[in-house]
Amino acid sequence: MSEQNRLGVFKTYKLYVGGKFPRSESGRVYEVTDSKGAWLANAPQSSRKDARDAVVAARKAFGGWSGATAYNRGQVLYRVAEMLEGRKEQFVREVAAAEGLSKSKAAAVVDAAVDRWVWYAGWTDKIGQISGGANPVAGPFFNLSTPEPTGVVAVLAPQKSSLLGLVSVIAPVIATGNTAVVIASADAPLPALSLGEVLATSDVPGGVVNILSGATAELAAPLAAHQDVNAIDLTGAGAELAKELEIAAADNLKRVLRPLPAEADGSDASTDWLAAPGTHRLTAFLETKTVWHPTGALGAAGSSY
């Protein structure tokens, strides 16, 4: 059959929840267009039920993921970077369409996203060294502080940076042992939904990352009020929505990450996600556990430690 007579195969984008690819429970979709208004695809419009299902999946996956060794989590995250590198051409096309970039600029953004993922993968077994340690105490005790993951984190992805910003908010959450429910950019969700396909074919256990597309405010409200969500990242929320979500999050004392001014991408197209990320996102969703242990005598000679 000649190319002129061949029917094109349009991609059906789906949610990524619990390691599977469901359509929205509501059956709704919405049109996604490029920077010039041309139609790209129909994306699933998630419902509150989809958000609750994603929380259930994230909670189920939390025990195994947080219990894995930090070194193992680093290996898993590095595998994601390998898969991203292998699908670079696809992501270049999607980022270029989503953000109105030239092919060369989109390629640079995708390269930066892969590098960013590798960077966070390298921190999995090192963050404990800068956020924990032995504390000096006046007494015959060891006093040791160690970081532990907070739990299920709701992440509002940046609205303007469809891949690099997305990676910059997801990777540090799961690198430290948390699980995530991610609300993709409302206007440019396709790179996020494609990232779900990468995660599914890597070694990340199902439920560790769950990706929803749709109206940010509609999905963020039930997540902020959800009693089984332990923290929320407000990067993709505008100022008014962020204030409402903070109030809802206070009901069960969620950790709330207000983005730095340079990261407040709810409505700021000038956000520089190419800047060095630092470690503040790694420590934002960690709890500190402190253990006291008495020193004692060992052996007949009474040697102590």
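The preceding data block contains the structure.
Worth saying up front: this structure is predicted, and the values here are computed from it rather than measured.

## Focus: the overall build of the protein
When its secondary structure is counted, the protein shows 10 helices and 12 strands. In terms of overall dimensions, the protein is globule-like: its C-alpha atoms have a radius of gyration of 21 Å, near the 19 Å expected for 305 residues. Counting only C-alpha atoms, the protein reaches 90 × 40 × 35 Å along its principal axes. Expressed as a percentage of its 305 residues, the buried residues of the protein come to 46%.

## Focus on helix α6 (residues 164–175)
The first and last C-alpha atoms of α6 sit 16 Å apart over 12 residues, in line with the 16 Å expected at 1.5 Å per residue. Most of α6 is tucked away: 12 of the 12 residues are buried. All of the buried residues along α6 are L164, G165, L166, V167, S168, V169, I170, A171, P172, V173, I174 and A175. Looking one or two residues beyond α6, the residue adopting positive phi is G177, at roughly 100 degrees.

## Side note on the environment of P140
Structurally, the position occupied by P140 is in the loop between β3 (133–134) and β4 (141–149). Not counting residues up to four positions away in its chain, the partners in contact with P140 are H293, P294 and T295.

## What about the pairing of strand β1 (residues 29–33)?
Alignment of β1 against strand β2 (residues 39–44), held across 5 bridges, turns out to be antiparallel. Paired with V32 across the two strands is A41, which belongs to β2.

## Some details on the packing of aromatic side chains
How two aromatic rings sit relative to each other is given by the distance of their centres and the angle of their planes. Per the counting criterion, the structure on display carries 4 aromatic pairs. Pairing F10 with W39 gives two aromatic rings, centres 5.9 Å apart and planes at 70 degrees, and the pair type is edge-to-face. Linking F10 in the segment before β1 with W39 in strand β2, this pair joins segments that are 29 residues apart in sequence. Joined through ring pairs, the aromatic side chains of W119, Y120 and W123 make up one cluster. Sitting over the face of the ring of F62, R59 holds its NZ or CZ atom 5.7 Å from the ring centroid.

## A look at the sheet that holds β4
In space, the 3 strands of this open sheet follow the order β3-β4-β10, with antiparallel pairing throughout. The open sheet has two edge strands, β3 and β10 (286–294), and neither has a second partner. Where β3 meets β4, 2 bridges bridge the pair, whose relative direction is antiparallel. Residue G133 lies in a different strand from β4, and its bridge partner there is S145.

## A word on the sheet that holds strand β7 (residues 209–212)
Strand order in the open sheet made by the 5 strands is β7-β6-β5-β8-β9, with parallel pairing throughout. Looking at strand neighbours, the two that pair on one side only are β7 and β9 (255–257), the edges of this open sheet. Each neighbouring strand pair of the sheet contributes to a mean axis angle of 15 degrees, computed without reference to strand direction. Of the pairings in the sheet, the one linking strand β5 (residues 152–156) to strand β8 (residues 231–233) comprises 3 bridges and is parallel in character.

## Things to note about the packing of helix α8 (residues 216–225) against helix α9 (residues 239–249)
The contact between α8 and α9 brings their axes to 8 Å, and the two run at 20 degrees. Here α9 runs roughly parallel to α8, going by the angle between their axes. In terms of crossing hand, the pair formed by α8 and α9 is right-handed. Here α8 contributes T216, A217, A220, A221, A224 and A225 to the contact with α9, which in turn contributes L241, L245, A248 and A249. In terms of residue class, the contact of α8 with α9 is made up of 9 nonpolar, 1 polar and no charged.

## As for the pattern of salt bridges
Side-chain pairs of opposite charge can arise where the charged atoms are in close proximity. Under the criterion given, the structure shown has 12 salt bridges. Measuring nitrogen to oxygen at the nearest pair gives 3.2 Å for the salt bridge that ties R59 to D228. Note that R59 is positioned in helix α1 (residues 48–67) and D228 in the loop between α8 and β8, a separation of 169 residues in sequence. The exposure class assigned to D228 is partly exposed, which follows from its relative accessible area of 29%. Note that D233 is salt-bridged to R281, the shortest N-O span being 2.6 Å. Of this pair, D233 sits in strand β8 while R281 sits in helix α10 (residues 280–284); the two residues are 48 residues apart in sequence, bridging distant segments of the chain. Like R281, D233 is buried. The structure contains a network of salt bridges with shared partners spanning K11, R87 and E197.

Criteria and cut-off values
Residues numbered from 1 in each chain as written. Predicted model: local features only at pLDDT ≥ 70, side-chain atom pairs only at ≥ 80, totals over all residues. Heavy atoms only, no water. Helix = DSSP H or I, 4+ residues; strand = E, 2+ residues; numbered from the N terminus. Rg over C-alpha atoms; globule rule 2.2 N^0.38 Å. Buried < 20%, exposed > 50% of the residue type's maximum accessible area, 1.4 Å probe, protein only. Expected span 1.5 Å × (residues − 1). Contact = heavy atoms within 4.5 Å. Pairing = 2+ DSSP bridges. Phe/Tyr/Trp six-rings, centres within 6.5 Å; stacked < 30°, edge-to-face > 60°. Lys NZ or Arg CZ within 6 Å of the ring centre and 35° of its normal. Axes fitted to C-alpha atoms, helices over the stretch in contact; angles between N-to-C directions. Parallel < 35°, antiparallel > 145°, perpendicular 65-115°, else oblique. Left-handed = near helix turned anticlockwise from the far one by under 90°. Nonpolar A, V, L, I, M, F, W, Y, C, P; charged D, E, K, R; others polar. Salt bridge = Lys/Arg side-chain N within 4 Å of Asp/Glu carboxyl O.

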